[in-house]
Amino acid sequence: MFWRKQKAAIAGFHPLHQALIFERGFAATHPAAEWSALAASLHRHAGLIRRSKWALPHRAIDVFLPLLAAVCEDLGPKGVLAVTADLRGIHVPAKSHPARDIPVRPPARSATETWSIDPWLRLHAGLRDGSGLDILVVDRQRLRRVTKRGSSGKTKIKRKTQLTQLIRVRRRLPRGVAGARPQVPPPAWIGVTLRDGERRSVLAAAKLPRLPQSADEQVDRILTVATETFRWTR
Amino acid sequence: MTPCAVTTGFFTLGKCGQMAVAGCPACGRAVCADHLADGGMCPECAAARRQFGHPAAAAAARRRAYRHRQAQYYGDAGYYSGFDDYDRAAFEPGAAAHQDYLDDGDDALVDS
Ligand SMILES: [Zn+2]
Ligand SMILES: [Zn+2]
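The model shown is predicted, which means the values in this text are computed figures rather than measured ones.

## Regarding the packing of helix α2 (residues 15–22) of chain A against helix α3 (residues 32–48) of chain A
Think of two packed helices as two axes; the pair is described by the angle between the axes and how far apart they sit.
Residue and element names in this part refer to chain A.
Then step 1. Interaxial distance between α2 and α3 falls to 8 Å at its minimum, and their mutual angle equals 50°. In terms of axis orientation, α2 runs oblique to α3. Where α2 abuts α3, its residues Leu16, His17, Leu20 and Ile21 lie against Trp35, Leu38, Ser41, Leu42 and His45.
Then step 2. Split by residue class, the contact of α2 with α3 holds six nonpolar, three polar and no charged.

## Re the coordination of the zinc ion (ligand 1)
Residue and element names in this part refer to chain B.
Then step 1. Looking at the zinc ion (ligand 1), one finds its protein donor set to be Cys24 (SG), Cys27 (SG), Cys42 (SG) and Cys45 (SG), positioned 2.3 to 2.4 Å from the metal centre.
Then step 2. Because the angles between the four donor atoms bound to the zinc ion (ligand 1) fall within 104 to 114°, the donor set is best described as tetrahedral.
Then step 3. Ordering the donors of the zinc ion (ligand 1) by residue number gives the pattern C-x2-C-x14-C-x2-C.
Then step 4. Assessed through its relative accessible area of 3%, Cys24 is described here as buried.
Then step 5. Relative accessible area serves as the criterion here: at 22%, Cys27 is assigned to the partly exposed category.

## Concerning the coordination of the zinc ion (ligand 2)
Residue and element names in this part refer to chain B.
Then step 1. Protein-derived coordination of the zinc ion (ligand 2) comes from Cys4 (SG), Cys16 (SG), Cys32 (SG) and His35 (ND1), at a distance range of 2.0 to 2.4 Å.
Then step 2. Relative to the metal, the four donor atoms surrounding the zinc ion (ligand 2) lie at angles of 106 to 114°, and the coordination shape comes out tetrahedral.
Then step 3. Written as a sequence motif, the donor residues of the zinc ion (ligand 2) are C-x11-C-x15-C-x2-H. Residue Cys4 is located in the segment before β1 (7–8), and its partner Cys32 is located in strand β4 (residues 30–32); the two are separated by 28 residues in the primary sequence.
Then step 4. Residue classification places Cys4 among the buried positions, given a relative accessible area of 1%.

## So, the interface of chain B and chain A
Then step 1. Contact residues are listed per partner, giving 21 residues for chain B and 25 residues for chain A.
Then step 2. A buried area of about 2,000 Å², summed over both sides, lies between chain B and chain A, and 55% of it is on carbon and sulfur atoms.
Then step 3. At the surface where chain B touches chain A, the tally comes to one salt bridge.
Then step 4. Between the two partners, chain B and chain A, sit seven residue pairs in polar contact (both at pLDDT 80 or more).
Then step 5. Of all the elements in the fold, those that place two or more residues in the side of chain B that touches chain A are β2 (13–15), α2 (55–74) and α3 (78–81) of chain B.

## Quick word on the environment of Gly179 of chain A
All names here are of chain A.
Then step 1. Mapped onto the fold, Gly179 is located in the loop between β6 (155–172) and β7 (190–195).
Then step 2. Among the residues examined, Gly179 registers a relative accessible area of 28% and is labelled partly exposed.
Then step 3. Along the backbone, Gly179 and Gly89 are 90 residues apart, and their C-alpha atoms lie at a distance of 37 Å.
Then step 4. Apart from residues no more than four positions distant in its own chain, Gly179 is found in contact with Leu173, Arg200, Trp232 and Thr233.

About the thresholds
Residues numbered from 1 in each chain as written. Chains lettered and ligands numbered in written order. Predicted model: local features only at pLDDT ≥ 70, side-chain atom pairs only at ≥ 80, totals over all residues. Heavy atoms only, no water. Axes fitted to C-alpha atoms, helices over the stretch in contact; angles between N-to-C directions. Helix = DSSP H or I, 4+ residues; strand = E, 2+ residues; numbered from the N terminus. Parallel < 35°, antiparallel > 145°, perpendicular 65-115°, else oblique. Contact = heavy atoms within 4.5 Å. Nonpolar A, V, L, I, M, F, W, Y, C, P; charged D, E, K, R; others polar. Donors = N, O, S within 2.8 Å, 3.2 Å for Na, K, Ca; no water. Tetrahedral: all angles 85-135°; square planar, octahedral: opposite > 155°, others 65-115°. Buried < 20%, exposed > 50% of the residue type's maximum accessible area, 1.4 Å probe, protein only. Buried area = accessible area lost by both parts, 1.4 Å probe. Salt bridge = Lys/Arg side-chain N within 4 Å of Asp/Glu carboxyl O. Polar contact = N/O pair within 3.5 Å; in protein donor to acceptor, adjacent residues only side chain to side chain.

Remember, this is a structural readout, not a statement about activity or role.
Have a look at this one:
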């Protein structure tokens with residue numbers, strides 16, 4: 001039987017690890033101990049699985065795991081973390097909106113624009129200091145197809161894609177905590193909004209004009225936006 | 001009871017506070033059974049010596065690297081130095097270690 005050993009290994013993996021392999025994502029809510037069981041399982045993957053069909057999706061090990069470890073540190077014994085991870089990538093058909101026509105000027109004859117929206121990671125955690133933390137990361141792609149007639153009369157199609165990323169973090173401050181504006185302002189690429197209510201929320205958002213070029217940069221960007229919401233209660 | 005003085009948390013910092021069973025041979029802080037890292041050291045000291053056998057040592061290293069980066073990024077030295085003078089000392093030979101960590105209550109969750 002083919003792949004017998006690797007199949008057996010997968011059967012021993014954490015159920016969410018299996019979901020990452022076969023469905024490239026999952027939605028689940030657990031306390032820190034269960035998430036560290038998932039992390040331990042994921043760390044065994046590379047040593048046991050060779051078949052490329054069963055490879056872990058992009059971002060599972062080098063982006064998702066470090067974020068998971070960071071947030072779990074703050075959960076405390078009673079807190080839970082909800083994760084919705086969809087690591088299928090932006091190119092699955094369900095993530096694309098229908099193409100729509102956009103106005104053109106000669107020599108272009110027609111043009112369409114297609115948006116694809118990929119909310120690939122969503123975290124919601126109740127932290128031990130009593131605050132609620134939400135992190136959302138969304139990749140967005142704009143694809144423009146322009147049809148032109150060249151001087152020779154030949155029709156040409158030009159494609160241009162633009163990939164951007166939105167990182168949004170909301171922290172609901174602990175009950176009764178007002179927070180104070182940090183003395184050092186956030187970097188220009190992070191926008192901060194306060195929302196008052198029964199509990200105050202600090203919202204930090206960044207729109208990156210291009211995707212981070214490495215997993216480390218990706219993790220760093222997300223953590224930096226999240227950090228902004230914690231600087232209000234230093 | 002002597003509470004464990006190991007720093008926990010990532011965005012929110014606090015002391016572990018469980019009952020300590022030993023003192024770290026490198027820095028002397030009280031350490032509970034859950035936080036005894038390689039060589040009986042506290043996670044910070046183990047991490048400073050690149051001994052990552054205990055998950056808390058890896059977490060300590062991640063937290064320190066992250067705070068250091070953020071402080072540089074923001075040009076906000078306070079984000080690193082305020083984080084925990086005591087923990088930082090383990091990584092900076094020559095820096096004086098403050099002994100004030102035991103004064104923190106068990107539930108002192110400081111967002112330094
Ligand atoms: Zn120590
Ligand atoms: Zn401890």
